[in-house]
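What follows is each chain in one-letter form.
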Amino acid sequence: MSPLLNQTFTRTLDAIVELAIPGQPLEAWTFDDTESRREAERRLQEKGVAARIRSAYKPLLFAFLEEIDLDGVEAIEVHYPVHANAPANRFRLEAYPLAALVGEAKIDFIARNDGDFHYDVSLKRGQRIESVTVLAPNRVHTDIVGEINVSPTGWLKLGGQQGERLATDYEKLFDAGIKAIADHAWGDQEPYFEELNIRVIHPAKDISLPVGDEVVSLREALHEDFYFSLLEFFQKKSGRPLGDRGLRPGQIVPEIAKSNGEISVVIETRALTTGFSDGDEQPIDTAQEPIAESQVRKLLAEIGGDAFEARSRSGRILSARYKSGDDAAVMISGGQHPNETTGIVGALRAARKLGQRKQAHFTISPLENPDGYAVHQRLRLDNPRHMHHAARYTALGDDLEYRTSENAGTNLFEKEIRFKAEKKSDAKLHVNLHGYPSHEWTRPLSGYVPRNFAMWTLPKGFFLIIRHHPDWERQAEALLDKVTGHLGAIPGLLDYNNRQIALYEIHAGETGFRIINGFPCLSSVDDRHTVPMTLITEYPDETIYGEDFITGHTAQMETVLSAYDAWQDIMRERASA
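Parameters and conventions
Residues numbered from 1 in each chain as written. Predicted model: local features only at pLDDT ≥ 70, side-chain atom pairs only at ≥ 80, totals over all residues. Heavy atoms only, no water. 1 Å grid on protein atoms, 1.4 Å probe; cavity = no way out; pocket = protein on both sides within 12 Å on 5 of 7 lines; lining within 4 Å. Points joined across faces, edges and corners; volume = space filled by probe spheres on them. Helix = DSSP H or I, 4+ residues; strand = E, 2+ residues; numbered from the N terminus. Nonpolar A, V, L, I, M, F, W, Y, C, P; charged D, E, K, R; others polar. Buried < 20%, exposed > 50% of the residue type's maximum accessible area, 1.4 Å probe, protein only. Contact = heavy atoms within 4.5 Å. Polar contact = N/O pair within 3.5 Å; in protein donor to acceptor, adjacent residues only side chain to side chain. Axes fitted to C-alpha atoms, helices over the stretch in contact; angles between N-to-C directions. Parallel < 35°, antiparallel > 145°, perpendicular 65-115°, else oblique. Left-handed = near helix turned anticlockwise from the far one by under 90°. Expected span 1.5 Å × (residues − 1). Pairing = 2+ DSSP bridges.

> Before we move on, could you go through the layout of surface pockets and cite the residues and values that matter?
By volume, the largest pocket is sized at about 610 Å³. Forming the boundary of the largest pocket are 38 residues, of which Arg 245, Arg 392, Tyr 402, Phe 453 and Trp 456 lie nearest the centre. Listing elements by their share of the lining of the largest pocket, those giving two or more residues are α6 (218–237), β21 (429–436), β22 (463–468), β24 (519–525) and β25 (533–540). Size it by volume and the second largest pocket reaches roughly 440 Å³. Lining the second largest pocket we find 20 residues, and of these Val 211, Gly 212, Tyr 496, Arg 499 and Gln 500 sit closest to its centre. Contributing elements (two or more residues each) for the lining of the second largest pocket: α13 (493–508), β25 and α14 (546–576). With six residues, the top contributor of residues to the lining of the second largest pocket is α13. Among the residues making up the lining of the second largest pocket, the classes are represented as 12 nonpolar, four polar and four charged.

Set out below in structure tokens:
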């Protein structure tokens, strides 16, 4: 089958150099890395053009990184716009993680009561106050699903004029890709394809920042925008609401590779893959990166117990174990979203320890979505520090958590592993290990803030979620208190949480969650599952390695162990009540 799209784009920086007139000053905002923009300025200077080319992506952050002198600055005020078609904190979020990059200077973000696309910055040096205006070019537009967005865009000023929107290569590539897919005849039967592959070649370099795991990546942002925009397109096509996780379009895989200057996109459908790009085995207690699928199976065999399994859409096997004992049973799972990698290792480490106890009673299914894990392994080869949310869902394209016999028919594929675990153990607690981005998550061409995932756009420490049946509220609160109390004793974990939460509050505003023993938590009534209690972990882990990865899967392991022990007390108390 021929590609849906195979197109190369003229680089915007080259076009600017070509159109520039000697002697006429020029300002532009493009989606390019610093080095590329400086090189274009050099070429313009040789042509006799005084030029400044700034970043259209996160312009305030780059103004401070590239132009604003902080020497002697004691205090900073940033007056940011509020637009009617964007979240109130949209432009405050866009400045992240500026507050961690200004040294000892005090920084305040103050909303302006207008939607003009610029920041007013005041810099206080002793008795002197300097005012700086930072343009933030944006456009108000309607996307493929009919939503109104306020999105960063290119801009061009010639000869000191006010300027006008510049449709950049970055924007043209994205729009062409989305249009080609939207215009294709997909039919009405889900899944619409096996793999929909979007292969993009783009020259932007990633820029690491000296704040946690923060990195500015135009290529990663393009992956996220393609993936979630296409999910939304197929949600609308299927008649579902935006954000519906039961949609089964097939596997959507944007692969965004770095080039030396070429900008192109090839979109085509492919057959599902069936293998794994496995690496070498690692000592499980000190694993410094996601482990091989073959090692998952080997470690499960060492844990012992009764083996049970399910199969994914591609035919990959989900392996699990059941250890029978006299304790109150607990279900342990990881890898529902397999780009959230510390939970897979943490689940295995916890099960190995529990397996040494004579009375232990648990199920362990550490890799619930092997098709997604295979995509993650594949994408990490090119971009190990990208979030790769294309690996989040199954090869059917859905979130297995939301797959039921009502919406999936008789073949539940991966979801069958949970029903088998529940039937074997009769557990009343499910510990479900997850993660979320360890650096900022954006969708710059669709309103910047990830739609339906705004809560997870910035890291905010190790986060716990309890979902419980109505008559289990007291036990849910007891479990949260005991688990967070245990986690708080792990050296360095509370300090880690405090640093991330403080930066989150500066850039996002009110948190909207409870803090229990130093850990952000949410608790809600949810009776979708027959298991009455589900404890969900959310560790900021999607792109971490080395010692950070070890710290992450150790925290996941300790959560399982503390929840297991607390559950024994809780169930004894409930039985005697």
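> Tell me about empty space enclosed by the protein, and please be specific about residues and values.
Evaluation of the coordinates by the stated rule reveals four cavities of 30 Å³ or more. Within this model, the largest cavity holds a volume of roughly 90 Å³. As for the largest cavity, its lining consists of 15 residues, and the residues nearest its centre are Tyr 57, Val 215, Ser 217, Glu 220 and Glu 440. Secondary structure elements with two or more residues in the lining of the largest cavity: β14 (215–216) and α6. No other element matches α6, which puts three residues into the lining of the largest cavity. Of the residues that constitute the lining of the largest cavity, the class distribution is eight nonpolar, two polar and five charged. Volume-wise, the second largest cavity comes out at about 60 Å³. Residue lining of the second largest cavity: Glu 293, Val 296, Arg 297, Leu 300, Ile 317, Leu 318, Ser 319, Leu 367 and Pro 370, and that is the complete set. Elements that contribute at least two residues to the lining of the second largest cavity include exactly α7 (293–303) and β18 (317–323).

> Can you explain the environment of Thr 12? Please cite residues and give values.
Structurally, Thr 12 is set in helix α1 (residues 12–19). By relative accessible area, which is 6% here, Thr 12 ends up buried. When the C-alpha positions of Thr 12 and Asp 169 are compared, they lie 5.6 Å apart, and in sequence the two are 157 residues distant. Leaving out residues up to four positions away in the same chain, Thr 12 has contacts with Thr 30, Leu 166, Thr 168 and Asp 169. Within the structure, Thr 12 has its side chain in polar contact with the backbone nitrogen of Asp 169 (distance 2.7 Å).

> Help me get a handle on the packing of helix α8 (residues 342–354) against α14, residues and values and all.
The geometry of α8 relative to α14 is characterised by a closest axis approach of 8 Å and an angle of 45 degrees between their N-to-C directions. Taken as axis vectors, α8 and α14 run oblique relative to one another. Crossing handedness for the pair α8 and α14: right-handed. Counting all contacts with α8, which are made through Thr 342, Gly 343, Val 345, Gly 346, Arg 349, Ala 350, Lys 353 and Leu 354, the residues of α14 involved are Phe 549, Ile 550, Gly 552, His 553, Thr 554, Gln 556, Met 557, Val 560, Leu 561 and Tyr 564. Broken down by class, the residue content of the contact of α8 with α14 amounts to nine nonpolar, seven polar and two charged.

> Account for α8, with residues named and values stated.
Relative to the 18 Å expected for 13 residues at 1.5 Å per residue, α8 spans 18 Å between its end C-alpha atoms, a close match to the ideal helical length. Within the sequence span of α8, burial applies to Thr 342, Gly 343, Ile 344, Val 345, Gly 346, Ala 347, Leu 348, Arg 349, Ala 350, Ala 351 and Leu 354.

> Could you give an account of the pairing of strand β2 (residues 26–30), naming the residues involved and the relevant values?
Burial analysis of β2 places four of its five residues in the buried class, the great majority of the element. Where β2 lies against strand β10 (residues 154–158), four bridges are found, and the strand directions are antiparallel. Counted as the bridge partner of Glu 27 is Lys 157 from β10.

> I'd like a rundown of the packing of α7 against α8, residues and numbers included.
Contact pair α7 / α8: the axes reach a minimum separation of 10 Å and the direction vectors enclose 20 degrees. Judged by the angle between their axes, α7 and α8 are roughly parallel. Crossing geometry of α7 relative to α8 is assigned as left-handed. On α8, the residues touching Val 296, Leu 299, Leu 300, Glu 302 and Ile 303 of α7 are Ile 344, Leu 348, Ala 351 and Arg 352. Of the residues in the contact of α7 with α8, the class split is seven nonpolar, no polar and two charged.

> Explain the sheet that holds strand β16 (residues 264–270) residue by residue, including any values.
With mixed pairing, four strands are arranged side by side in an open sheet as β1-β16-β12-β15. Of all the strands in the sheet, the pair left with one neighbour each is β1 (5–8) and β15 (251–258). Averaged over all pairs of adjacent strands, the angle between their axes in this sheet comes to 15 degrees, without regard to strand direction. In the packing of helix α5 (residues 169–183) onto the sheet, the strands contacted are β1, β12 (195–202) and β16, and the crossing angle to β12 comes to about 165 degrees. Running over the sheet, helix α9 (residues 370–380) touches β12, β15 and β16 and is turned about 10 degrees from β15.

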